[in-house]
Amino acid sequence: MISSKVAPGEEAREPPSEGRAEAALAVEPGRRWLAGPPERLPPLAREAPPPRRCHTDCLEAPLSRCFLRLGGAVGMHPWLFLLGPVLLTAALGTGLIFLPKGKENLEEQYTPIGSPAKAERRFVQGHFSTNDTFRFSASRTSSEANFASILVVSLTDSLLEQEVFAEVTRLDEAVQALTVDQENGTQILYQDVCARYKVLCVPPNPLLYSWQLDKSLDLRDITFPMYNLSSQLVYLAGFFGGNVLGQPVGRSRRLVASRAMRLLYYLKTEDPTDSERSEAWLTHFLDHFNDVKSSLALEEIEVVYFTSLSRQLEFEATSKTVIPLFHLAYILIILFAVVSCYRLDCVRNKMWVAVFGVFSVAMSVVSGFGLMLHIGVPFVIIVANSPFLILGVGVDDMFIMISAWQKTSIGESIKERLSSSYSKVAVSITITTVTNVLAFYTGITSSFRSVQYFCIYTGTTVLLCYFYSITCFGAIMALDGKREVACFRWLEKPDQKFSSFKKSCCLPFGSFPDEHGEDKHPMNLFFRDYFGPFLTTTKAKFTVVLVYIFYIISSIYGCFQVQEGLDLRNLASDDSYITPYFNIEEDYFSDFGPRVMVIVTESVNYWDDNVRKKLDKCMIKFEENEYVDKNLTEFWLEAYIKYMNNIGNDLNDKNTFMNSISGFLTNFPIFTHDINISSSNEIISSRGFIQTVEVSSSSNKKRMLLQLRGIAEDCEVPLMVYNQAFIYFDQYAAIIENTVRNVMIASTAMFIVSLLLIPHPVCSLWVTFAITSVIVGVTGFMAFWNVNLDSISMINLVICIGFSFDFSAHISYAFVSSSEPSVNKKSIEALYMLGYPVLQSAISTIIGVCVLSAAKAYIFRTFFKIMFLVMFFGAAHGLIFIPVFLTFF
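Described in the following lines is the structure provided in the data block.

1. Concerning helix α3 (residues 78-93)
Two residues of an α-helix separated by three or four positions point the same way, owing to the 3.6 residues in each turn.
1) Next: A rise of 1.5 Å per residue sets the reference length of α3, with its 16 residues, at 22 Å; its end C-alpha atoms lie 22 Å apart and thus fit the reference within 8%.
2) Next: Listed as buried for α3 are P78, F81, L82, P85, T89, L92 and G93. All buried residues of α3 project into a common sector of 110 degrees when viewed along the axis, lining one side. Residues W79, L80, L87 and A90 are exposed on α3 and point more than 90 degrees away from its buried face.

Right, here's the structure in full:
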């Protein structure tokens with residue numbers, strides 16, 4: 001409860017009436033933290049402000065007058081303003097029936113809009129055909145095919161043993177024997193849905209298949225990554241991992257030992273009916289694989305598995321893990337609100353008001369989400385983080401409004417008290433809402449749809465939370481004001497006829513209200529009498545400067561260590577079966593990256609020797625790149641040149657060149673889908689392949705992608721590079737650009753808001769300093785806490801700007817507007833007025849999101865981690881760094 005005692009050196013003032021409240025707020029600009037008991041107000045609230053101080057109330061005064069009238073209306077008709085939002089919530093809440101039950105498209109939500117790879121994919125799909133029923137080739141597909149993948153890890157030093165291959169064969173046979181029994185009585189066999197090369201299913205592992213055909217195959221005489229089997233090269237890269245290589249053999253090396261093997265079961269994808277049947281078989285595989293593994297009693301190997309459906313299914317399951325945390329979050333916030341608003345003064349005790357205030361915030365979440373679903377804004381899983389954040393932020397306005405109410409006199413009418421309270425909090429809660437909403441809505445400019453939708457949902461819900469605070473919660477305060485009056489009258493003139501319910505309402509703990517209404521919160525006294533004086537000592541200042549130097553150096557170092565991009569394994573829960581799969585894949589199969597198409601995008605004269613030299617020069621540049629294995633290039637033109645030379649045909653004659661292609665493809669059918677020949681016998685486009693290596697880290701993926709695209713762009717022949725994985729790799733190139741752009745837009749918006757609502761240039765400079773410092777700190781410490789810079793953390797960095805503004809703007813304004821004679825006293829006064837509210841706001845937000853730390857999914861824990869860093873560093877700047885630095889400058 002706010003004390004009515006006047007601070008030393010100030011004249012006593014009566015609580016403002018309607019007329020006084022209007023004048024009082026017109027000179028009380030942008031005070032964010034009215035939750036504390038400011039017995040000393042900034043000079044703008046004094047009758048004689050210092051001369052030559054710039055005052056701008058073009059926004060403050062009209063806003064205060066509007067709130068003055070609104071407060072009076074709410075005080076006169078509380079039930080109208082209470083039931084209206086309740087009915088609105090009921091109406092908008094019907095939108096929750098539109099919560100999506102289908103699949104969330106991960107590619108659409110978590111990859112950049114309009115990324116180059118998506119345009120490249122459209123080109124490939126438009127110019128190259130594939131056939132997964134007769135001539136399937138995984139590297140030639142433009143999109144991810146249906147597949148099941150099993151990683152086999154030997155329990156011994158090497159799996160290149162007859163016994164291990166025999167056990168893997170048992171596993172392979174059991175998988176291929178899986179059969180789906182459909183409701184119509186038909187069955188789906190593996191042989192019905194497998195992708196085929198000619199008449200056979202594509203083998204899951206070429207060396208294993210060769211051994212199964214010939215058990216006498218010497219497994220100690222294998223070369224890697226290319227193996228010559230009966231004069232036919234078998235490509236083993238990506239099928240064996242954890243390899244020990246020996247002496248070179250041609251373009252390969254002897255495979256001495258190998259710890260891991262990959263079994264890839266490709267299924268039909270191109271035809272919708274075939275794809276549906278393939279997905280049914282994959283679902284059956286996921287449901288029964290563990291049973292198959294147990295029945296085999298494998299002794300030589302351990303296995304992990306993954307399918308093309310796994311990422312989507314596990315991502316959808318992740319959302320269910322956070323639902324129980326909603327209840328815990330609301331319980332914790334209610335407890336915090338009750339403790340914060342509890343008073344021994346039974347008349348002014350606001351425990352139940354605080355509880356209803358939390359429900360008001362919950363109403364805004366229901367209304368905001370319902371409204372967005374009604375108008376068709378897609379609901380993505382990271383939006384599930386939003387209620388936790390809004391819960392913490394929403395109660396701040398409640399604390400501010402309760403604090404302003406506590407400063408009014410019980411002797412006034414409800415209308416006068418609520419008008420006075422509203423006029424005092426007008427700019428405070430408005431500036432908080434405006435800054436937070438602006439921070440969220442700047443996220444709409446992001447290239448990631450998931451970020452856009454999160455920011456739309458959260459920004460709109462924050463606006464509704466603001467609306468419900470000044471209507472529904474104001475009505476609750478008005479109704480509680482009537483209880484105060486009734487209780488106070490009963491206490492003055494006890495009446496035995498009062499019911500026990502009313503007694504328990506007025507005297508819940510047998511306490512008696514302070515006759516003078518004094519209520520000095522111990523935390524405010526702590527900031528004034530202990531923390532402030534201690535912080536302004538020379539030793540403390542020196543320590544703070546050293547701590548800040550260490551903080552900023554560590555942060556800058558961390559900024560250079562942050563990994564970029566969203567690791568797709570993080571979309572699943574920690575206990576998901578796909579986590580060990582990706583861990584083993586990273587441990588054993590990270591040497592070889594995706595096999596990249598090099599596409600000639602236009603019709604060129606391949607029979608022209610100069611064109612072939614230019615093309616060859618470009619291919620050499622690709623092969624010289626650090627992320628490309630030059631020995632594993634595959635290009636039809638190279639094979640065609642050898643073919644033409646062998647048969648003695650003239651390469652430089654157009655007719656001979658074009659007419660010989662059909663015979664070439666008959667002898668080398670693998671290249672059939674690499675040459676696009678028009679009806680007019682022109683090569684419209686063609687493609688070759690290069691093998692990438694050492695691209696396991698996000699930074700290497702990004703550099704590889706940019707370098708390969710750079711080589712293609714610089715080539716004299718029109719080239720393009722593409723692999724289906726580039727769809728996700730593009731996020732590495734886009735994430736920093738998006739983050740910087742969003743942060744710059746949000747920071748500019750905050751700077752303008754600070755100039756308009758807190759019109760003091762020094763404050764604007766300190767706001768800019770704090771925003772920059774906190775963002776650098778949060779970004780740097782993300783690296784130390786194993787958080788990547790991805791679309792999820794980018795949201796938090798944008799949010800960071802709004803909170804940095806809240807923590808810094810008003811502390812610095814309270815300092816520069818103080819009339820205390822010394823800088824140390826100015827700092828102490830600023831902390832006395834605003835220290836506890838800053839701390840209270842940080843704690844309430846942390847409590848709102850802290851339950852996410854117990855979540856089993858990375859996307860939810862990341863939200864907690866970054867919000868904790870934002871709150872911790874923001875509060876540290878507001879309570880420690882800025883108060884000290886202001887005394888220097």
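2. Considering the packing of helix α6 (residues 162-176) against helix α8 (residues 206-213)
1) Next: The geometry of α6 relative to α8 is characterised by a closest axis approach of 11 Å and an angle of 100 degrees between their N-to-C directions. The angle between α6 and α8 falls in the class roughly perpendicular. Together, Q162, F165, A166, V168, T169 and D172 of α6 and L207, L208, W211 and Q212 of α8 make up the contact between the two elements.

3. Observations concerning the environment of S421
1) Next: Here S421 shows up in helix α13 (residues 414-441).
2) Next: A relative accessible area of 2% means that S421 is categorised as buried.
3) Next: Residues S421 and F67, spaced 354 residues apart in sequence, show a C-alpha to C-alpha distance of 8.9 Å.
4) Next: Setting aside its immediate chain neighbours within four residues, S421 contacts A404, W405 and T408.
5) Next: A polar side-chain atom of S421 sits 3.5 Å from the main-chain amide nitrogen of W405.

4. Concerning the nonpolar core
1) Next: One finds F622, W636, F657, L719, V778 and I859 to be the most contacted residues of the largest nonpolar core, which totals 202 residues.
2) Next: Those residues within four positions of V778 in sequence are excluded, and the remaining contacts are L797, C800, I866, L869, V870 and F873.
3) Next: Among the nonpolar cores identified, the runner-up in size contains 65 residues, and A148, I222, V304 and A572 belong to it.

5. Focus: the pairing of strand β11 (residues 301-307)
1) Next: Within β11, six of the seven residues are buried, which leaves the element mostly enclosed by the surrounding structure.
2) Next: Both strand β1 (residues 147-154) and β11 contribute to a ladder of seven bridges, which runs antiparallel. Paired with V153 across the bridge in β11 is E302.

6. A closer look at the pattern of salt bridges
1) Next: Summed over all chains, the structure comprises 24 salt bridges.
2) Next: E107 is the salt-bridge partner of R121, the closest N and O atoms lying 2.6 Å from each other. You can see R121 sitting in helix α5 (residues 116-127) and its partner E107 sitting in helix α4 (residues 106-110), a full 14 residues away along the chain.
3) Next: In this structure R121 comes out as buried when scored by relative accessible area, which is 16%.
4) Next: Linking K614 and E716 is a salt bridge whose minimum nitrogen-to-oxygen distance equals 3.8 Å. Placement of K614 in helix α19 (residues 609-624) and of E716 in the loop between α23 (698-714) and β16 (719-722) is noted, with a sequence separation of 102 residues between them.
5) Next: Look at E716 and you get exposed, because its relative accessible area is 54%.
6) Next: When salt bridges with common partners are traced through the structure, they connect R140, R595, E634, D674 and R687 into a single cluster.

7. Thoughts on the environment of K424
1) Next: Tracing the chain through its elements places K424 in helix α13.
2) Next: Between the alpha carbons of K424 and S64 there is a distance of 7.3 Å; along the sequence they are 360 residues apart.

8. Some details on the state of the cysteines
1) Next: Tallied over the full model, the rule gives two disulfides.
2) Next: Linked covalently through their sulfurs, C194 and C201 form a disulfide whose S-S length is 1.8 Å. In this structure the cystine formed by C194 and C201 twists about its S-S bond by roughly -60 degrees; its chirality is therefore left-handed.

9. As for unusual backbone geometry
1) Next: Cis geometry is found at the peptide bond from F224 to P225, where omega equals 10 degrees.
2) Next: Here K198, not a glycine, exhibits a phi torsion of approximately 65 degrees, which is positive.
3) Next: Here K198 lies in the loop between β4 (196-197) and β5 (200-201).
4) Next: For N786, which is not glycine, the phi torsion reads 55 degrees and is therefore positive.
5) Next: With respect to the helices and strands, the residue N786 is situated in the loop between α25 (761-784) and α26 (791-816).
6) Next: Judged by its relative accessible area of 64%, N786 falls in the exposed class.

10. Some thoughts on the packing of aromatic side chains
1) Next: Going through the model one piece at a time under the given rule, you end up with 60 aromatic pairs.
2) Next: On the basis of an interplanar angle of 45 degrees and a centroid distance of 6.0 Å, the ring pair of W636 and Y640 is categorised as tilted. Here the residue W636 and the residue Y640 both occupy positions in helix α20 (residues 636-647), the gap between them amounting to four residues, near one helical turn. Considered together, W636 and Y640 belong to a single accessibility category, that of buried residues.
3) Next: Seen from the ring of Y832, R528 lies directly overhead, with NZ or CZ sitting 5.1 Å from the centre.
4) Next: Here the guanidinium or amino end of R687 rests over the ring plane of F128, the centre of that ring lying 4.5 Å away.

Rules used throughout
- Within every chain, residues take consecutive numbers counted from 1 along the sequence as written.
- Totals for whole chains, interfaces and linings use every residue, but because this is a predicted model, local features are given only for residues with pLDDT of at least 70 and side-chain atom pairs only at 80 or more, for both listing and counting.
- To obtain the side-chain values, all non-hydrogen atoms of the structure were used and water was disregarded.
- What counts as a helix is a DSSP run of H or I of at least four residues, what counts as a strand is a run of E of at least two, and both are numbered from the N terminus.
- By this rule the span expected of a helix is its residue count minus one, scaled by 1.5 Å.
- Burial here depends on accessible area, computed with a 1.4 Å probe over protein chains only, as a share of the maximum for the residue type. Under 20% is buried, over 50% is exposed, and the range in between is partly exposed.
- Note: the arc covers the axis-to-C-beta directions of the helix.
- Axis angles are defined between N-to-C directions and span 0 to 180 degrees, where every axis is a line fitted to C-alpha atoms and, for a helix, only to the segment in contact.
- When an angle is under 35 degrees it counts as roughly parallel; over 145 it counts as roughly antiparallel; between 65 and 115 it counts as roughly perpendicular; any other value is oblique.
- When checking whether two residues touch, look at their non-hydrogen atoms; a contact exists if any pair is within 4.5 Å.
- As used in this structure description, the phrase polar contact means that two N or O atoms lie within 3.5 Å; if the pair is within protein, one of them must be able to donate a hydrogen and the other to accept it, and residues adjacent in sequence are counted only when both atoms belong to side chains.
- Grouping buried Ala, Val, Leu, Ile, Met, Phe, Trp, Tyr and Cys residues that are joined through side-chain atoms within 4.5 Å yields what is termed a nonpolar core.
- Two strands form a pair only when DSSP identifies at least two bridges running between them.
- Here, a salt bridge means any Lys or Arg side-chain nitrogen found within 4 Å of an Asp or Glu carboxyl oxygen.
- Whenever a pair of cysteine sulfur atoms sits within 2.5 Å, that pair is classed as a disulfide.
- The pairing test for Phe, Tyr and Trp rings, Trp by its six-membered ring, is centres within 6.5 Å, and the orientation test on the planes gives stacked under 30 degrees, edge-to-face over 60, and tilted for anything in between.
- Look at NZ for Lys and CZ for Arg. If either is within 6 Å of the ring centre and within 35 degrees of the ring normal, a charge sits over the ring.

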